[in-house]
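An overview of the molecular structure
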Amino acid sequence: MRSERADLPPYEPARILAAPFPERVRLVCLTWAAQVAPNPFVVLVFYWAKYLLLFAGGWAFFVSFDAGYPGFGAPLEWAFTASAFQKAILWAILYESLGLGCSMGPMNGRFIPPIGGLLYFLRPGTTKLALFPGVPVFGGIRRTWLDVALYAANLLFLLRALLAPEPTPALLLPSVVLLPLLGVTDKTLFLAARSEHYWVALLCLAVGGSVGLAGCKAIWCAIWFWAAVSKLNHHFPSVILVMMNAGPFTPKGLKRRLFADYPDDLRPSRLAAVISRMGTATELTLPFALLLASGSPLATAILLIVMTGFHGY
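Residues numbered from 1 in each chain as written. Predicted model: local features only at pLDDT ≥ 70, side-chain atom pairs only at ≥ 80, totals over all residues. Heavy atoms only, no water.

1. With respect to the confidence of the model for the protein chain
The following threshold applies: Each residue gets a pLDDT score, which is the predictor's confidence in that residue and runs from 0 to 100. Each helix is a run of H or I in the DSSP string that is no shorter than four residues. Each strand is a run of E no shorter than two, and both are numbered from the N terminus. Contacts were defined at the residue level, with two residues in contact if any of their heavy atoms lie within 4.5 Å.
Within the protein chain, residue pLDDT values average 91, and 97% of them lie at 70 or more. Within the protein chain, helix α1 (residues 2–5) has the poorest average pLDDT of any element, 43, and helix α8 (residues 145–163) the best, 98. Scored below 50 in pLDDT, residues 1–6 makes 2 contacts in the model with residues more than four places away or belonging to other chains.

Here it is, written out as structure tokens:
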């Protein structure tokens, strides 16, 4: 309890509540900048466990249904198969669609229950954001039984493909069709499934035949490259400042150096700008390096480990 209370705001709540809005903003920003650990350690453990046990563990569970599965103790034989990759895409879509992904937990203001997702999407009458609100059947601003049925059908088709001995194109096609349709009925559903990543990959796997996996490689290289291009702006140093200041492993001394002049000027420092540009250069370079190194398993593995470390950081 002592460690969790150590980073509480140093101001009395009454002072913050009584202050004018600009003063409240200033006090909140100073508190955030001064915090060594903005999130209690138990919250961080919750998220680490969620991704390791629920996301990675769920994927490993569904791969165990593959034909010829050699057993969990032989990961090199089952984790790098085409079927395992296909099930990773399917599980990622199901995981996000259920509300178990980035929108889950206390860091997103969800406590009891810690998820939204299916608790909203399976309830008629909840708010939706139709692509064409004025059209009949698929429009409107309230979820209908048809919206619920389409969402539930997609979940069931994904689950059927995940439990199959082999996720064939015939098993992938229902979700290839349903996800864009769900995007028409409610744009939130399309975005919640991270369709800009996973639906495009699913499309490649369903209709790409022998080059489907190569198409997925190109998709991910493009995602990384254009993500880096999107960081070529004036505000990304501020993003790095926030990310590193909120990080549990960033030393306190380094956190102070990320600000232009702590505590009087909380804009990003030159150091934060340099770090941000280094990250952008890394994300721009690695996709091309992966494509050029595609003939070398060792070089590919090294580059993937670097990219995993980059995103883990």
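2. Things to note about the packing of helix α13 (residues 236–246) against helix α15 (residues 270–292)
Condition: Throughout, an axis means a line fitted to C-alpha atoms (over the contacting stretch in the case of helices), and angles, computed between N-to-C directions, take values from 0 to 180 degrees. For classification purposes, angles smaller than 35 degrees are called roughly parallel, those larger than 145 roughly antiparallel, those between 65 and 115 roughly perpendicular, and all remaining angles oblique. Three classes are used: nonpolar for Ala, Val, Leu, Ile, Met, Phe, Trp, Tyr, Cys and Pro, charged for Asp, Glu, Lys and Arg, and polar for all others, with Gly counted as polar.
Viewed as axis vectors pointing N to C, α13 and α15 meet at an angle of 100°, and their least axial separation amounts to 8 Å. One way to sum up the angle between α13 and α15 is to call them roughly perpendicular. Residues Phe-236, Pro-237, Ile-240 and Met-244 of α13 lie in contact with α15, whose contacting residues are Ala-272, Ala-273, Ile-275, Ser-276, Arg-277 and Thr-280. For the contact of α13 with α15, a count of residues per class yields 7 nonpolar, 2 polar and 1 charged.

3. Quick notes on empty space enclosed by the protein
Rules: In this analysis the probe radius is 1.4 Å and the grid spacing 1 Å, with only protein atoms considered; a cavity is a set of points the probe fits into but cannot get out of, a pocket is an open set with protein on both sides within 12 Å along at least five of seven lines, and lining residues have an atom within 4 Å of a point. Grid points are joined across faces, edges and corners, and a volume is the space filled by probe spheres set on the points.
Using the criterion set out here, one finds 1 cavity of 30 Å³ or more in the structure. In terms of lining, the largest cavity is formed by Ser-97, Phe-121, Tyr-151, Asn-154, Leu-179, Leu-182, Leu-189, Ala-192 and Ala-193. Only α8, α9 (169–185) and α10 (187–192) provide two or more residues apiece to the lining of the largest cavity. Looking at the lining of the largest cavity residue by residue, the class counts come to 7 nonpolar, 2 polar and no charged.

4. A look at the packing of aromatic side chains
Working definition: an aromatic ring pair is given by the centre-to-centre distance plus the angle between the planes. Here is the rule we go by: Two rings from Phe, Tyr or Trp (for Trp, the six-membered ring) form a pair when their centres are within 6.5 Å of each other. A pair whose planes differ by under 30 degrees is stacked, one over 60 is edge-to-face, and the rest are tilted. The buried label applies to any residue whose accessible area, calculated with a 1.4 Å probe on protein chains only, is under 20% of its type's maximum; exposed applies above 50%, and partly exposed to all values in between. When the NZ atom of lysine or the CZ atom of arginine is within 6 Å of a ring's centre and also within 35 degrees of its normal, the charge is said to sit over that ring.
Counting across every chain of the model gives 17 aromatic pairs. Where Phe-61 meets Phe-65, the ring centres are 5.2 Å apart and the plane angle is 85°; that geometry is what we call edge-to-face. Its relative accessible area of 46% is what places Phe-61 among the partly exposed residues. Both rings, one in Phe-259 and one in Tyr-262, keep their centres 5.8 Å apart while their planes meet at 40°; by these two values the pair is tilted. The exposure class of Phe-259 is buried, given its relative accessible area of 3%. The class of Tyr-262 is partly exposed, set by a relative accessible area of 26%. Clustering of aromatic rings is evident, with ring pairs tying together Phe-55, Phe-61, Phe-62, Phe-65, Trp-91 and Tyr-95. For the cation-ring pair, Arg-256 lies above Tyr-262, with the distance from its terminal atom to the ring centre recorded as 4.3 Å.

5. Concerning the pairing of strand β2 (residues 265–268)
The line we're drawing: Paired strands are those between which DSSP finds at least two bridges.
By the bridge criterion, 2 bridges tie strand β1 (residues 259–261) to β2 in an arrangement that is antiparallel. In the sheet register, Asp-261 faces β2, and the bridge partner there is Asp-265. Here β1 hands over to β2 after 3 residues, the two strands then running antiparallel side by side.

6. Looking at the side chain of Asp-186
This is how it is decided: Here a polar contact means two N or O atoms within 3.5 Å. Within protein one must be a hydrogen donor candidate and the other an acceptor candidate, and residues neighboring in sequence count only if both atoms are side-chain atoms.
One can find Asp-186 in the loop between α9 and α10. Here the side chain of Asp-186 touches Arg-143 through a polar contact of 2.9 Å, side chain to side chain. When neighbours within four sequence positions are excluded, Asp-186 is seen to be in contact with Lys-128, Leu-129, Ala-130 and Arg-143.

7. What about the pattern of salt bridges?
What counts is decided by this rule: Within this document, salt bridges are pairs made up of a side-chain nitrogen of Lys or Arg and a carboxyl oxygen of Asp or Glu, the two lying within 4 Å of each other.
Under the definition given, this model contains 8 salt bridges. Across the pair Arg-26 and Glu-23 runs a salt bridge whose closest N-O atoms are separated by 2.8 Å. Taken as a pair, Arg-26 and Glu-23 lie in helix α3 (residues 21–34) at a separation of 3 residues, close to a single helical turn. The class for Arg-26 is partly exposed, based on a relative accessible area of 41%. For Asp-66, the salt bridge goes to Lys-87, with nearest N and O atoms at 2.7 Å.

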